[in-house]
Amino acid sequence: MTRNHRAVTALQASRESPTLARLSDLAAESSARLKSLDTVIPRALRKAIQAGPIEGDEWCLLLDNNAVAAKVRQLLPAMQAHLRSKGWEINSIRLKVQVSPSTKA
């Protein structure tokens, strides 16, 4: 029995698998949501925020530290209103502070 192994790119693999295609679509949508918030999020905070997973009508933002989380909490109502005005149904935005490898014990 001979097997035909061929290398494929991640993009090709995602197109051939419905599950990977869905994950790829969600990742792209999450990034688009964050990009659309450029006018709402202060420039100094943008590098400290990453797009996270979308689960139904909840979206997660990944944050560098607690100080960023505190500021983003203040911006949540404006962020949700902005996203709804762009056509995304968002009932909640969950914030998750990422622990960097250098701060792990």
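Before reading further, recall that the structure is shown in the block above.
First, a word on scope: everything that follows refers to the structure included in this document. Remember, predicted model here, so these are calculated numbers, not experimental data. Note that residues are indexed from 1 along each chain, following the sequence as it is written. Local features in a predicted model are, by the rule used here, given only for residues with pLDDT of at least 70; side-chain atom pairs are given and counted only at 80 or more, and totals for whole chains, interfaces and linings are based on all residues. Side-chain calculation: all heavy atoms of the structure are included, whereas hydrogens and water are not.

1. Considering the pairing of strand β2 (residues 58-63)
At step 1: Summarising burial for β2: five of the six residues are buried, a large majority.
At step 2: In this description, strands pair whenever DSSP reports at least two bridges between them. Strands here are runs of E lasting at least two residues and helices are runs of H or I lasting at least four, both read from the DSSP assignment and numbered beginning at the N terminus. When strand β1 (residues 49-55) meets β2, the two strands line up antiparallel, connected through five bridges. Across the sheet, the residue bridging to Glu55 is Glu58, located in β2.
At step 3: Between β1 and β2, which pair antiparallel and follow one another directly, the connecting turn spans two residues, one of which, Gly56, has a positive phi of 65°.
At step 4: Alignment of β2 against strand β3 (residues 92-97), held across six bridges, turns out to be parallel. Pairing of Cys60 across the sheet is with Arg94, part of β3.
At step 5: The handedness rule is simple: strands pointing away from the viewer, and a clockwise path from the first strand over the helix to the second, make the crossover right-handed. Where the polypeptide runs from β2 across helix α4 (residues 66-85) and back to β3, its parallel neighbour, the crossover connection is right-handed. Relative accessibility under 20% of the residue-type maximum defines a buried residue, over 50% an exposed one, and the middle range a partly exposed one, all with a 1.4 Å probe and only protein chains included.

2. Some thoughts on the pattern of salt bridges
At step 1: Salt bridge, as applied in this entry: a Lys or Arg side-chain nitrogen positioned within 4 Å of an Asp or Glu carboxyl oxygen. Within the structure shown, the criterion is met by four salt bridges.
At step 2: A salt bridge links Arg46 to Asp38; the nearest nitrogen and oxygen atoms lie 4.0 Å apart.
At step 3: Taking relative accessible area as the criterion, Asp38 reaches 23% and is therefore assigned partly exposed.
At step 4: Ionic pairing is found between Arg94 and Glu58, a salt bridge with its closest N-O pair at 3.2 Å. Pair noted here: Arg94 is in strand β3 and Glu58 is in strand β2, with a separation of 36 residues, a long-range link.
At step 5: The class of Glu58 is partly exposed, set by a relative accessible area of 24%.
At step 6: In this structure, a network of salt bridges that share partners links the residues Lys35, Asp38 and Arg46.

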